[in-house]
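Okay, here's what each chain looks like letter by letter:
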Amino acid sequence: MKEIFATERGGPGGSGANPPAPAALAAKVRTLAPSMTRSMQRVAEAVASDPAGCAALTVTGLAELTGTSEATVVRTARLLGYPGYRDLRLALAGLAAQQQSGRAPAITTDIAVDDPIADVVAKLAYDEQQTLADTAAGLDTVQLGAAVAALAAARRTDVYGVGASGLVAQDLTQKLLRIGLIAHAHSDPHLAVTNAVQLRSGDVAIAITHSGSTGDVIEPLRVAFERGATTIAITGRPDGSVTQYADHVLTTSTARESELRPAAMSSRTSQLLVVDCLFVGVAQRTYESAAPALSASYEALAHRHRPRGGTQR
């Protein structure tokens, strides 16, 4: 079915043949590593942990260093978005140069059960910053621009998400509603499919799923895709199943998952950044109508935020 849709609609959205910038390489490794084979993970981890050292190695040298084969090295380079190993080496050299420019050392220690609260704050703050930086570095602005254009012109927008991603879906629809656009968030899979059936060309459907494989989100996106709506996937897995039904793919990053920090926490941070980028882009394109609508929504809610009876709340 994916092949049929790719012919009819131009295939899943993606960044095309443009390799990721050096700054996005580490983020790309963190995003794709869980879906790689163990041998490819060894290659990816090596280039991310020591870009300068690996940049100096031939394809044979890197294969020997990681205990893999030359073919595995080349496959890993291509999965990371580079046409071949030579292009990956150039990116590694660029990344190494950036790291030697005086950047502060990374905080890599996971949060422990007995960590003082001050250490917890520092580690979480660093992880959040890194997640946002990785997402920004890896975000395809061409895909983002196309998604913004579709949203700005949409008759209506449906957004699908469950769990933590469902909260992000609600955030996006609330933002769109406040600038006068028709948008609905659906976390109930049955209701999501029921609404997706009503979509058509000129409408937009957005699926938010970090794993890229959440069935309750993929199903309504597939239905919307088949109905001719413009479809967008916000996902941490650009190779996930959800992308086969997406005209545009916006990739998020996430911090390393640990016992006290599930993936949902950091993935939500990166998803909210993408949502904010979408919203601001749409507000810019629809400014003439968005500004009055936003002002009206502020005025309608202002009395709810004023102190009552002279008592501050």
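So, the overall build of the protein
Helix and strand content of the protein: 14 helices and five strands. Buried residues in the protein amount to 44% of all 313 residues. Considering only contacts in the protein between residues 6 or more positions apart, those separated by 24 or more positions represent 72%. For the protein, the computed accessible surface area is about 15500 Å², with 55% contributed by carbon and sulfur atoms.

Focus: the confidence of the model for the protein
On average, residues of the protein score 84 in pLDDT, and 84% of them are at 70 or above. Looking across the protein, the model is least confident in helix α1 (residues 2-9), with a mean pLDDT of 42, and most confident in strand β1 (residues 157-160), with 98. Note that pLDDT drops below 50 for residues 10-17; the model gives that stretch 18 contacts with residues more than four away or on any other chain. pLDDT under 50 marks residues 104-108. Its contacts with residues more than four places away, or in other chains, come to five contacts.

Some remarks on the pattern of salt bridges
One pass over the structure, following the stated rule, counts eight salt bridges. For E45, the salt bridge goes to R38, with nearest N and O atoms at 3.9 Å. Classification of E45 by relative accessible area gives partly exposed; the value is 41%. A relative accessible area of 47% places R38 in the partly exposed class.

Considerations on the packing of aromatic side chains
Scanning all chains against the criterion turns up one aromatic pair. Centre to centre, the rings of F225 and Y245 are 6.1 Å apart; their planes meet at 70°, and the pair counts as edge-to-face. Residue F225 is located in helix α12 (residues 215-226), and its partner Y245 is located in the loop between β4 (230-235) and β5 (248-251); the two are separated by 20 residues in the primary sequence. Each member of the pair, F225 as well as Y245, carries the same accessibility label: buried.

A look at the packing of helix α5 (residues 59-66) against helix α6 (residues 70-79)
One way to put it is that α5 packs onto α6 with a least axis distance of 8 Å and a crossing angle of 100°. On the basis of their axis angle, the class for α5 and α6 is roughly perpendicular. Between α5 and α6, the residues in contact are V59, T60, L62 and A63 and E70, V73 and V74, respectively. Across the contact of α5 with α6, the residue classes break down as five nonpolar, one polar and one charged.

So, the sheet that holds β5
An order of β2-β1-β3-β4-β5 is seen for the five strands of this open sheet, with the pairing classed as parallel. The sheet is open, and its two borders are formed by β2 (183-186) and β5, each paired with just one other strand. Each strand of the sheet is rotated relative to its neighbour by a mean of 15°, with strand direction disregarded. Direction of pairing for β1 relative to β2: parallel, over a ladder of four bridges.

Some details on the pairing of strand β3 (residues 204-209)
When you tally the buried positions in β3, you get six out of six residues, the bulk of the element. Alternating positions in β3 separate into two faces, V204, I206 and I208 on one and A205, A207 and T209 on the other, with burial throughout. As defined by bridge partners, β1 adjoins β3 across four bridges and the pair is classed as parallel. The partner of T157 across the bridge, within β3, is V204. Crossover β3 to β4 through α12 is right-handed.

Some points on the side chain of T66
You can see T66 is positioned in helix α5. A distance of 2.8 Å separates the side chain of T66 from the backbone oxygen of L62, its partner in a polar contact. A distance of 2.8 Å separates the side chain of T66 from the side chain of T68, its partner in a polar contact. In contact with T66, not counting residues within four places along its chain, are R42, V43 and A46.

A look at the side chain of R156
The topology assignment puts R156 in the loop between α9 (141-153) and β1. At 3.4 Å, the side chain of R156 forms a polar contact with the side chain of N195. Sequence-distant contacts of R156, defined by excluding residues within four places in its chain, comprise I182, H184, N195, Q198, L199, D203 and V204.

What about the nonpolar core?
Among the nonpolar cores identified, the biggest contains 28 residues, and L151, I206, L250 and L278 are the most heavily contacted of them. Breaking this core down by element, the ones donating at least two residues are α9, α10 (164-178), β3, β4 and α13 (263-285). Beyond its immediate sequence surroundings of up to four residues, I206 is in contact with L151, T157, D158, V159, Y160, L172, L221, I232 and I234. In terms of nonpolar packing, the next biggest core, distinct from the first, is built from 22 residues, A44, L62, Y82 and A91 among them.

Reading the values: the criteria
- Residues numbered from 1 in each chain as written.
- Predicted model: local features only at pLDDT ≥ 70, side-chain atom pairs only at ≥ 80, totals over all residues.
- Heavy atoms only, no water.
- Helix = DSSP H or I, 4+ residues; strand = E, 2+ residues; numbered from the N terminus.
- Buried < 20%, exposed > 50% of the residue type's maximum accessible area, 1.4 Å probe, protein only.
- Contact = heavy atoms within 4.5 Å.
- Areas by Shrake-Rupley, 256 points an atom, 1.4 Å probe, with all protein chains shown as cover.
- pLDDT = per-residue confidence, 0-100.
- Salt bridge = Lys/Arg side-chain N within 4 Å of Asp/Glu carboxyl O.
- Phe/Tyr/Trp six-rings, centres within 6.5 Å; stacked < 30°, edge-to-face > 60°.
- Axes fitted to C-alpha atoms, helices over the stretch in contact; angles between N-to-C directions.
- Parallel < 35°, antiparallel > 145°, perpendicular 65-115°, else oblique.
- Nonpolar A, V, L, I, M, F, W, Y, C, P; charged D, E, K, R; others polar.
- Pairing = 2+ DSSP bridges.
- Right-handed = clockwise from strand over helix to strand, strands pointing away.
- Polar contact = N/O pair within 3.5 Å; in protein donor to acceptor, adjacent residues only side chain to side chain.
- Core = buried A, V, L, I, M, F, W, Y, C linked by side-chain atoms within 4.5 Å.

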